[in-house]
Structures are given as C-alpha cells and as structure tokens.
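Summary of structural features
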Amino acid sequence: MSRTGDIRSGLHAPEGERGQYRGPKPRKDWAADWVPNNEGTVRSLPIYVGGASLLAVLFNRAVSGIAPVADASSSQSRADLLTLGLAVTNILTGLVWLSIRPKSISVVKPEGVECRRIQSGLPELVVSELLWVWESLSTVTCCRSLVIIYDSICIMQIGVAAKSSAEDGGAVAVNPVKLMQGTLYQGIKKSKAQNYLANLSLYPGRSELPFLPANTQAVILQPLGDNGIAVIGGDTIRGFTTSDQTWIAYIGEKLDVTLAKHAGEISVLTQESVQRSNS
Amino acid sequence: MSLTSLSFSFSSSPIPVKAPTKIRFQYKRSGRTVSVSALMDDSQSNGQQPGQLNLSVLRFTLGIPGFDESYLPRYIGYGFGSLLLLNHFVGSDLSAITPAQLRTEALGLSLAAFSAVLPYLGKFLPGTAIVNQASLPAGNEQLFIMSEGMPEALREQLAWSTYVLLRNTNTIAALVSVGGELCVRGYWSTPDDISRADLVDWFNKQIQNIGLPDLKDALYFPVNSGNEFQTLLPKGTRSLLILPLLRVSNSSTGKLKLSKGLVLLASSMTYAYSDKDRAWIEAIANQFRG
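Residues numbered from 1 in each chain as written. Chains lettered and ligands numbered in written order. Predicted model: local features only at pLDDT ≥ 70, side-chain atom pairs only at ≥ 80, totals over all residues. Heavy atoms only, no water.

- An unreviewed UniProt entry lists chain B under the name Protein COFACTOR ASSEMBLY OF COMPLEX C SUBUNIT B CCB2, chloroplastic, with Punica granatum as the source organism.

- Looking at an unreviewed UniProt entry, chain A carries the name Protein COFACTOR ASSEMBLY OF COMPLEX C SUBUNIT B CCB4, chloroplastic, with the source organism given as Punica granatum.

Next comes the structure, spelled out in structure tokens:
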C-alpha cells in the first residue's frame with residue numbers, strides 16, 4: 001500500500017502507522033457465559049431454593065411454637081405467609097423452566113458421498129456467489145447437502161449426496177427435468193413460497209429427491225424466482241429454525257436476481273445439455 | 001385465576017421475523033367451565049419421552065397484552081418483599097419481635113431478592129424467548145447513504161446486505177464499509193449542520209477517531225456500548241456488534257492481517273444478537289471478505 005494511499009480509503013491506516021483500536025472492550029458477562037453451560041443446574045435451582053425455604057418456614061414455625069399471644073402470632077403468620085408465597089413462586093418458576101427445556105434432537109450423519117459438482121461455463125461471479133451460499137448454509141445451519149436447479153439444468157450439487165449404485169460409486173446425478181415435473185416443485189411453483197419438510201421421513205414426496213442421502217432428516221425447498229429451486233438437506237429433524245428459514249428465503253431471492261442477470265449464459269448451457277441428451 | 005386450568009397455543013410469527021419463535025399462550029374460559037387444551041407442535045412424538053414429567057400444564061398467562069409473564073417472579077419479589085418490610089415496621093409490635101419472626105423475615109427478604117434475579121438468569125436459558133421487539137428510540141432519523149463512485153456489483157451487494165441485516169436481526173442501524181466504500185442504512189442520529197453529501201465523510205471520520213479500522217477481533221457489547229461510541233451511534237443504542245473484515249496478505253515481515261472494512265450493527269435492545277444471529281451476520285460479512 002503506497003504512502004499516499006487511496007483518497008477514498010479513509011479506513012486504511014497507511015503503512016508504518018499501525019494505530020491501536022482506541023475504543024472500549026466489552027465487559028465479561030459472567031451470567032451470559034455461565035448459565036447456558038450449566039443449564040440443568042440453573043433450571044432446577046429455583047425449585048430447590050423454593051422447596052428448602054418452604055421447609056425452613058414450617059420448621060421455624062414448629063420449633064419456635066405458636067405463641068399464645070394473638071398479636072405476635074398474627075404478624076408472625078403474616079411474615080410466614082409472605083415467605084411461603086415467595087417460596088411457591090420460586091418452585092413454580094423452576095417448574096416452568098423445566099417444562100420449556102427444548103428437546104435435544106440428535107444429529108444424524110448423512111450417508112453418502114461427498115460431491116462438488118458445479119456446472120461448467122458459468123460466469124465467475126455466479127460461481128463465487130453459489131459457493132458463498134454453500135459456505136454460509138453449511139456453517140450456520142444444519143445443511144449438509146445443497147442442490148440448485150435453474151432453467152432446467154442442475155447448476156450445483158454440493159455436499160453429501162446419495163451414492164449411486166453404479167460401479168464408479170459416484171454421487172447420484174440430479175435429473176432436473178424429472179424434479180421439475182414432480183409434485184414438490186409444482187407445489188412450490190404454485191405457492192411461490194418456501195416449503196419446509198421438517199421431518200423428511202413423513203413425506204411421500206421423498207421419492208422425488210433420490211439424489212439426497214437416504215437418511216436426510218429435513219429439507220427446505222426454496223423457489224428461486226419462477227425458474228429455479230434450491231433443495232437444502234439437513235441432518236437434524238426440525239433442524240432449521242424460523243430464523244434460518246427467513247435467511248434462506250432472502251438468500252434465495254438474491255440468488256434468483258444473480259442467476260436471472262446471467263440468464264443468457266445459462267440458457268446457452270441449457271441448450272447444450274438438451275442437445276447432448278437428444279443426441 | 002386457577003392454575004390448573006389453562007391452554008396455550010404455539011404459534012410462530014410469519015416472515016419477517018426478528019427473534020426466534022415467539023411463544024404465545026392463551027387462557028380460554030367459556031362460562032363457568034374452563035377448558036383445558038394443550039396444542040403442541042409435536043408431530044413426531046405422541047407425548048413426552050419416557051421418564052419426563054409433562055409439566056406443560058403449568059404455563060399460564062394473565063392475558064394482559066404487553067405484559068411479559070417471565071418477569072412475574074421479579075414483580076412478586078418486589079411486592080412481597082415490601083409487604084414483609086411493611087409487616088415488620090407497621091404490622092408488628094417492634095418491641096416484641098420474636099427471633100422466629102426475624103428469621104422468617106430474613107428468609108423472606110432473601111427469597112424476594114432471589115426472585116427478582118430469576119428473570120435475568122432465565123433470559124439466558126435456551127428455550128425462553130422473552131418477547132421483546134426492538135423499539136425505535138426517538139431522536140433518530142432514517143438514513144440510506146452510500147459512497148460515490150462504487151462499482152455497480154458492490155453497490156448492489158451492500159444494499160442487499162444492509163437491507164437483510166436490518167430486516168432479519170434486531171438491528172436499527174447498520175453500517176458496512178468495504179475497501180473504503182461506505183454504506184450506511186437505518187435509523188441514525190447525525191448532526192443537523194452536516195449536509196447529506198458530507199455525511200459519508202463524517203461517518204468515515206467518526207470511525208477513524210475511534211480507531212475502528214485497526215480492530216482485529218469482533219466486538220459484541222450486549223448491554224452498553226460505552227461513551228466513545230456516543231457520537232457515532234444512534235440515540236438509544238443498547239447492543240452493538242462490530243465485525244472487522246480482515247484479509248490476510250503476505251508481506252516481507254510475514255502474513256499480515258489487514259483490515260478491509262467492517263460491519264457495524266446497533267440495536268435498541270439488550271442482548272440483541274444471539275449466537276445464531278451472529279453466525280448469520282458473519283456469513284453475510286463473508287461475502288465481502290473474498
């Protein structure tokens with residue numbers, strides 16, 4: 001980087017002048033760190049505290065005896081009642097916390113082969129965006145397989161795919177035309193909305209996705225405009241949260257814009273693949 | 001209000017969402033009879049796992065809109081604690097207080113303090129979603145500015161990224177800077193005497209003053225962002241997240257991590273960005289890292 005630097009690059013410190021970040025550093029938040037790590041203890045803590053206090057109040061009352069004087073006992077009784085009320089509140093809170101413990105669902109490792117097939121002939125920009133989508137999804141969500149189909153060709157098949165029974169043992173190829181004629185694609189084409197199959201084993205449409213590993217747990221079908229679909233396979237039942245779904249919807253829109261912009265080049269590829277399959 | 005009779009419905013809010021699943025409960029009562037209905041979004045299993053108590057009947061609501069039931073222990077703690085003090089000073093004969101009463105009161109007051117702390121601890125438990133929406137504090141105005149002369153592709157990427165960050169997270173103000181090009185979007189409070197054309201330079205100067213370009217690690221301030229950021233950030237900012245965009249370059253002295261830019265997000269909520277949110281924000285920032 002030259003000393004004069006870029007006029008607009010107000011953010012680059014010129015070489016030789018490595019500044020220090022002068023702002024504040026965040027405080028260590030012990031509660032935010034400690035509570036999620038000791039979830040079980042924290043959830044049952046109010047119950048123990050409340051229960052122990054309940055017993056303590058009764059014990060205290062029994063040990064000190066109920067005083068014969070009416071005034072003394074009544075204010076004692078009031079204090080006892082208030083403390084009992086607090087103890088019961090704690091117990092109930094503890095029970096509520098226990099009841100809303102999210103069920104932990106185990107991850108199922110997808111059975112298949114790693115594959116990374118990207119349609120050749122795509123512009124550099126499109127390829128880098130597709131790879132960015134894969135990186136984001138596989139890092140942040142439980143996605144383990146990703147297939148993108150646009151304009152009747154399979155643009156990308158990446159992640160874990162079902163192993164084909166052919167001798168070379170490669171991944172099962174995607175048949176975009178068959179997929180686009182199937183009920184799953186027709187359904188989302190009509191609704192123009194994302195379809196989340198949270199537990200894939202319950203859906204008969206499973207047979208239309210032979211290229212995904214057999215034990216894929218959840219699938220999101222995201223339409224890409226009017227011409228495409230992204231099939232996102234995950235390794236946990238209900239593994240995609242609502243937040244994930246929204247992000248995927250937005251990313252789908254962005255991908256559609258990018259692919260539509262380069263639709264000309266993609267349609268050339270479509271014609272080539274149609275010619276190849278006809279010949 | 002009877003705790004043994006209640007019903008709740010599990011609903012997730014439609015797109016766009018800013019928080020993980022909102023849980024809503026309803027207390028239905030028809031005439032004198034009370035109906036018990038528990039709807040669970042649990043198509044997989046027909047009940048609890050063996051050995052797990054079905055405690056869902058204990059979830060209740062008072063049905064007051066805007067009132068968050070998870071803060072109830074705190075209010076009860078304050079209320080009962082003050083009643084205890086009242087009972088001590090007013091309701092009892094101060095000269096004749098028995099040790100037993102003092103013991104009970106001490107226990108009661110510590111329980112009240114513990115109850116007041118409970119909602120704070122409960123906030124960090126996975127599964128408790130406190131229904132808090134990011135509110136727009138007063139004193140800010142909507143802004144959308146970009147540096148001049150940016151390549152078209154970068155322009156679109158920045159516009160989309162800031163849009164998605166504002167829509168999908170609890171952010172009220174977003175600033176993304178890549179290689180000197182700035183994009184600022186959301187609700188900011190800028191000095192009135194600066195014209196729109198000079199705003200980009202103003203933001204750049206503010207960032208330089210704090211030394212943000214030299215940041216090497218991500219910073220997350222869940223509660224308070226500190227005084228140094230006061231001029232830059234919109235009024236009423238509680239959480240702040242800053243992600244530097246670093247790239248590794250080989251120089252004569254070895255590999256250097258140079259700052260290519262940064263992503264700065266401000267929110268009016270505390271603890272606005274969960275781990276999942278931050279992972280997604282990191283993914284969005286990765287677009288610009290390459």
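Thoughts on the domain arrangement of chain A
- Split by domain assignment, chain A resolves into domain 1 (30-99) and domain 2 (107-278).
- With centres defined by C-alpha atoms, the gap from domain 1 of chain A to domain 2 of chain A works out at 55 Å. (Domains from an automatic or database assignment.)

Observations concerning the pairing of strand β8 (residues 181-188) of chain B
Residue and element names in this part refer to chain B.
- The element β8 is largely enclosed, with a buried count of seven among its eight residues.
- Summarising the sheet, strand β6 (residues 141-146) and β8 pair through six bridges and their orientation is antiparallel. Pairing of F144 across the sheet is with R185, part of β8.
- Note: strand β7 (residues 173-178) against β8, six bridges, orientation antiparallel. Bridge pairing links L175 to V184 in β8.
- What sits between β7 and β8 in their antiparallel hairpin is a turn of two residues, with G179 showing a positive phi close to 55°. (Buried < 20%, exposed > 50% of the residue type's maximum accessible area, 1.4 Å probe, protein only. Helix = DSSP H or I, 4+ residues; strand = E, 2+ residues; numbered from the N terminus. Pairing = 2+ DSSP bridges.)

Regarding the pattern of salt bridges
- Going through the model one piece at a time under the given rule, you end up with nine salt bridges over all chains.
- Of the charged contacts in the structure, one is a salt bridge between K276 of chain B and D244 of chain A, with a shortest N-O distance of 2.7 Å. Here the residue K276 of chain B occupies a position in helix α5 (residues 275-289), and D244 of chain A occupies one in helix α7 (residues 242-261), the pair thus bridging two chains.
- The exposure class of K276 of chain B is partly exposed, given its relative accessible area of 26%.
- Here E156 of chain B and K261 of chain A are joined by a salt bridge, their closest N and O atoms 2.9 Å apart. Of this pair, E156 of chain B sits in helix α3 (residues 152-168) while K261 of chain A sits in helix α7, each in a different chain.
- Look at E156 of chain B and you get partly exposed, because its relative accessible area is 37%.
- We classify K261 of chain A as exposed; its relative accessible area is 52%. (Salt bridge = Lys/Arg side-chain N within 4 Å of Asp/Glu carboxyl O.)

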